Amino acid sequence: MTAPTSPRIEHHPDIVALRAVSEENTATPVAQGVESLALLCGLYLAASPWIVGFNGSTTLAINNLIVGVAFACLVSGYGPAYERTHAMSWAALALGAWTIIAPWVVSGHGFATRANVSNVIVGALCCLVALALTGMGRIRARR
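Worth saying up front: this structure is predicted, and the values here are computed from it rather than measured. (Residues numbered from 1 in each chain as written. Predicted model: local features only at pLDDT ≥ 70, side-chain atom pairs only at ≥ 80, totals over all residues. Heavy atoms only, no water.)

Participant: Would you mind showing me how to read the overall build of the protein chain here?
Facilitator: Check the secondary structure of the protein chain and you find six helices and zero strands. Secondary structure of the protein chain in N-to-C order comes out as α-α-α-α-α-α. Taking all 143 residues of the protein chain together, the buried fraction comes to 38%. Contacts spanning at least 24 positions in sequence make up 62% of the contacts within the protein chain whose residues lie at least 6 apart. Accessible surface, the protein chain as shown: approximately 8300 Å² in total, 69% of it carbon and sulfur. (Helix = DSSP H or I, 4+ residues; strand = E, 2+ residues; numbered from the N terminus. Buried < 20%, exposed > 50% of the residue type's maximum accessible area, 1.4 Å probe, protein only. Contact = heavy atoms within 4.5 Å. Areas by Shrake-Rupley, 256 points an atom, 1.4 Å probe, with all protein chains shown as cover.)

Participant: How do you make sense of a nonpolar patch on the surface when you look at a structure like this?
Facilitator: A cluster of nonpolar residues, Trp90, Val117, Ile121, Leu125, Leu128 and Leu131, forms a patch on the protein surface that exposes about 560 Å² of accessible area. By the element assignment, leucine 125 lies in helix H6 (residues 113–142). Overall, the relative accessible area of 35% leaves leucine 125 in the partly exposed class. (Patch = residues over 30% accessible without salt bridge, like charges linked within 9 Å, V, L, I, M, F, W, Y side chains within 5 Å. Salt bridge = Lys/Arg side-chain N within 4 Å of Asp/Glu carboxyl O.)

Any functional reading would require information beyond the geometric quantities listed.
Okay, structure coming up:
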């Protein structure tokens, strides 16, 4: 006599329904646009020391590289696994806020104007995108 096999959790009706709703919501043009903009913000932040030209400021350059890669990796998970990752948009908001204040905190004094302006603009965009991702999660939760 064999033991009865229990159905796998992946096939539970609630899990299947949750994945279907998440997939439907992330397939909208607005959601795809926000995710794309978030990924581009992270990639720009990682490359900004070399694009803007403040790579001689090694502490800020390394900070932007690490935070940019972390932001891009964080938001790249939203598309394929939104139902499990949308709550992490608050971490993306924190990374955006850190990007804004980093030029003054990293070394104790401000860097060149172009570094400050670049970080403030991309940090503000990261914050706005993270808030949009958080808002999309709340809108989906209400449905």
